[in-house]
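Structure at a glance
Now for the letters of each chain:
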Amino acid sequence: MIKMGGGGRMSEPSSPSPVRRVPHTKPPFTVGELKKAIPPHCFHRSVLHSFSYVVYDLSLVFLFYYITTYFSLLPSSLTVLAWPLYWTLQGCTLTGVWVIAHECGHHAFSDYQWLDDAVGFVLHSSLLVPYFSWKISHRRHHSNTGSLDRDEVFVPKPKSKLACFSKYLNNPLGRVLTLAVTLTLGWPMYLAFNVSGRPYDRFACHYNPYGPIYSARDRLQIYISDAGIFTAGYVLYRLVLAKGMAWVVCVYGIPLLIVNAFLVLITYLQHTHPTLPHYDSSEWDWLRGALATVDRDYGVLNKVFHNITDTHVAHHLFSTMPHYNAMEATRAIKPILGEYYQFDDTPFYKAMWREARECLYVEPDEGGSEKGVFWYNNKF
């Protein structure tokens, strides 16, 4: 079992012991007190500073592509190694581009909403993400994090609502299959069919302007998002005609699969941990929900992903803060957060397997007095 150590870090005890859960009672501090602890410049959004990351990431993207134009000169034995290296580097870099577009959706890129939306729309559309559609549902996720009734994504189910076949996947082979499907198909399935999302009373889809996710005032933005996806799809179609399907798959398709896998993995690990609570409507409030998240360590990828991985707690508290100030802000609020701050430095691939094994459903403590507080479990 795992145990929460000082400062929210995880440690492996020498002998089995219960999981040390993070606090779930009302915090002894307010959002205002946390904000006062953060240096004011951390909230400053600089157009030049933000664009420097766009330029840097896109320069790497084009550099990696340019290198592929020389792969035909390599012996076949090296080509077999060169393409996977390209896919990995390009996929990780494009994940960083995805994160910048996500920041635009939070109005954390600049002081100008139109500029944030223009940059985010172009970047996300190029990665086949419906920018405004996802921006709206993601904003609702931030407003309802940790709520079993109103959160938008990665909402854990109580044991009674699990699919009948779930217990048959609770083994190593089942976990491999589940993770493989989740990482490869999870993102497009969420966008198209609301898989792992909040249940609605009718079919929900990020591409449908008239779906239950959106209100009438959102419809124009959904149409614009769909137009962005259609345009990106048409460009890919023309590239297939000009270059061939194999070229498009190798240069763009496989790196995009890596982007989608990292997106799902990062989000999953930020909100899934054996020590994290979830709340029903009788217990949930915004601050406790925002604190029911965990910072993770992805090593060198923390920088590649613009620290969305290891500053997620601060991001949920102050989502309009630019990513390049989030580390300083995290250091400033950690002393106030105390045990309410969660950080797990388990390598992400090990954490992925552990959470897939231990976090299968949520339920209140049996015989406990707090029926509205739910904890992860895996016992069938």
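Residues numbered from 1 in each chain as written. Predicted model: local features only at pLDDT ≥ 70, side-chain atom pairs only at ≥ 80, totals over all residues. Heavy atoms only, no water.

1. Some thoughts on the overall build of the protein chain
A tally of regular secondary structure across the protein chain gives 13 helices and seven strands. Computed over the C-alpha atoms, the radius of gyration of the protein chain is 21 Å, within 12% of the 21 Å expected from 2.2 N^0.38 for a compact globule of 380 residues. In terms of overall dimensions, the protein chain has C-alpha extents of about 65 × 50 × 45 Å along its principal axes. Across the 380 residues in the protein chain, those meeting the buried criterion constitute 50%. Look at the contacts in the protein chain between residues 6 or more apart in sequence, and 69% of them connect residues 24 or more apart. For the protein chain, the exposed surface amounts to about 18,200 Å²; the carbon and sulfur share of it is 65%. Looking at charge distribution, the protein chain has the averaged site of its 33 positive side-chain charges lying 3 Å from that of its 29 negative ones. (Helix = DSSP H or I, 4+ residues; strand = E, 2+ residues; numbered from the N terminus. Rg over C-alpha atoms; globule rule 2.2 N^0.38 Å. Buried < 20%, exposed > 50% of the residue type's maximum accessible area, 1.4 Å probe, protein only. Contact = heavy atoms within 4.5 Å. Areas by Shrake-Rupley, 256 points an atom, 1.4 Å probe, with all protein chains shown as cover. Lys, Arg positive; Asp, Glu negative; His and termini not counted. Charge placed at Lys NZ, Arg CZ, Asp CG, Glu CD.)

2. Brief notes about the pattern of salt bridges
Counting across every chain of the model gives twelve salt bridges. The partner of R140 in a salt bridge is E152, and the shortest N-O contact between them spans 3.5 Å. A residue pair is termed long-range when its members are at least 10 positions apart, and R140 in helix 5 (residues 131-143) and E152 in the loop between helix 5 and helix 6 (172-193) qualify at twelve residues. Relative accessible area serves as the criterion here: at 22%, R140 is assigned to the partly exposed category. One salt-bridge network, in which partners are shared between bridges, spans R296, D344, R354 and E355. (Salt bridge = Lys/Arg side-chain N within 4 Å of Asp/Glu carboxyl O.)

3. Considerations on a nonpolar patch on the surface
Together, V181, L185, M189, F193, V195 and F203 make up a nonpolar patch on the protein surface, roughly 550 Å² of accessible area in all. Considering the arrangement of structural elements, one finds F193 in helix 6. A relative accessible area of 47% means that F193 is categorised as partly exposed. (Patch = residues over 30% accessible without salt bridge, like charges linked within 9 Å, V, L, I, M, F, W, Y side chains within 5 Å.)

4. Considering helix 12 (residues 326-337)
An α-helical turn contains 3.6 residues, so any two residues separated by three or four positions project in the same direction. Every buried residue of helix 12 is listed here: A326, A329, T330, I333 and L337. Angularly, the buried residues of helix 12 cover 100° about the axis, an arc narrow enough to put them on a single face. Away from the buried face of helix 12 by more than 90 degrees, exposed residues R331 and P335 are located. The inward-facing, buried residues of helix 12 contact helix 1 (31-37), strand 4 (295-296) and helix 11 (312-317). (Arc of directions from axis to C-beta.)

5. Regarding helix 3 (residues 76-105)
With 30 residues, helix 3 extends 43 Å from end C-alpha to end C-alpha; this agrees with the ideal 44 Å at 1.5 Å per step. Where burial is concerned, most of helix 3 is hidden: 21 out of the 30 residues are buried. (Expected span 1.5 Å × (residues − 1).)

6. Things to note about the sheet that holds strand 3 (residues 277-279)
Ordered in space as 3-7-6, the three strands form an open sheet in which the pairing is antiparallel. Pairing within the sheet leaves two strands with one partner each, and these edge strands are strand 3 and strand 6 (361-363). Pairs of neighbouring strands in the sheet enclose a mean axial angle of 40°, with direction left out of account. (Pairing = 2+ DSSP bridges. Axes fitted to C-alpha atoms, helices over the stretch in contact; angles between N-to-C directions.)

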